[in-house]
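# Summary of structural features
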Amino acid sequence: MIGALAVVVPARDEEELLPGCLEALDRALRHPGVPDLPVLVTVVADGCTDATARIGRAFGAAVLEVNACNVGAARAAGSTHALGAAAQIAPGQGAGGVWLAHTDADSRIPPDWIARQLAYAVSGWHAVAGTVRVTDWHGHPERTAAAFARHYQHDDDPRSAGHPHVHGANLGVRGDAYRAVGGFQPLAVGEDRALVAALDTAGYHVGRTVHSPVTTSGRRDPRARGGFGDYLRGLDTLAG
């Protein structure tokens, strides 16, 4: 039974996009399908030199300031902090009663995102891997959006039910399963895929859904090299 919700948002110099992320999160938390649970939102300000931490606090989030400059380490630190804090705001709840929802500071979750994740958790899923979409293609060649739709939707793996994608911007995991596989690794890129692979290998039920995709940034100057932003830049070449 899920007795507490923790949302972790890593951010590195995201003063421009973090407000939109947290506003969308606030709307999702007020969705009628979200049960009355203790909630902790943690923004991990990783190596920030701008107003990211101040903005997070202004929105009422707990802000954890680190200097890892590494998204895997930031997600891990935020998850550890969130699980520890959940034990205080929801006494008696072990890690198995805490749902860890993960998104990114440059992303906006849809209004039903949290409600759906919690419903999947109640149905027995140990983790949820969702999809993303891009709505602002500014700076990309005109045909990149079509190339994304074509390649992303057809990047199929017959071993995967639903879809083969894993994004830290649209991910959820039960606290005990997260801890059992060692959590996020301090990887500069691919920490999300590594976690899901570890959960799969350990036999946990990882659900993959195309419902409630998260809108993420299509910027051409990504924070993590080799991640989603570079994937889009590769599509620029194909579309050009």
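An account of the accompanying structure is given in this report. None of the values given here were measured: they were computed from a predicted structure. (Residues numbered from 1 in each chain as written. Predicted model: local features only at pLDDT ≥ 70, side-chain atom pairs only at ≥ 80, totals over all residues. Heavy atoms only, no water.)

## Things to note about the nonpolar core
Counting residues in hydrophobic clusters, the biggest one holds 38 residues, and the most contacted among them are Leu18, Val43, Trp99, Ile109, Ile114 and Leu118. Breaking this core down by element, the ones donating at least two residues are strand E1 (4–11), helix H1 (18–29), strand E2 (39–46), helix H2 (52–58), strand E4 (98–102), helix H4 (113–122) and helix H5 (144–153). Counting 27 residues, the second-largest nonpolar core is a separate cluster that includes Leu100, Ala127, Ala129 and Leu199. (Core = buried A, V, L, I, M, F, W, Y, C linked by side-chain atoms within 4.5 Å. Buried < 20%, exposed > 50% of the residue type's maximum accessible area, 1.4 Å probe, protein only. Helix = DSSP H or I, 4+ residues; strand = E, 2+ residues; numbered from the N terminus.)

## Regarding the packing of aromatic side chains
Scanning the model with the defined rule gives two aromatic pairs in all. Aromatic pair Tyr120 and Trp125: ring centres 4.2 Å apart, planes at 5°, arrangement stacked. When sorted by exposure, Tyr120 lands in the same class as Trp125, which is buried. (Phe/Tyr/Trp six-rings, centres within 6.5 Å; stacked < 30°, edge-to-face > 60°.)

## Section: the sheet that holds strand E3 (residues 62–66)
Strand order across the open sheet formed by seven strands is E3-E2-E1-E4-E8-E6-E9, with mixed pairing between neighbours. Each edge of the open sheet is held by one strand with a lone partner, namely E3 and strand E9 (206–208). Pairs of neighbouring strands in the sheet enclose a mean axial angle of 20°, with direction left out of account. Pairing analysis gives three bridges linking strand E6 (residues 127–129) to strand E8 (residues 171–174), with the strands arranged antiparallel. (Pairing = 2+ DSSP bridges. Axes fitted to C-alpha atoms, helices over the stretch in contact; angles between N-to-C directions.)

## Observations regarding the state of the cysteines
On inspection of all chains with the given rule, the structure shows zero disulfides. Its sulfur unpaired, Cys69 is 8.5 Å from the next cysteine sulfur, which belongs to Cys48. (Disulfide = S-S within 2.5 Å.)

## Let's talk about unusual backbone geometry
In the Ramachandran plot, Asp13 falls in the positive-phi region, its phi being about 50° despite a non-glycine side chain. Residue Cys69 is not a glycine yet carries a positive backbone phi of 50°. With respect to the helices and strands, Cys69 occurs in the loop between E3 and helix H3 (71–89). Judged by its relative accessible area of 37%, Cys69 is partly exposed.

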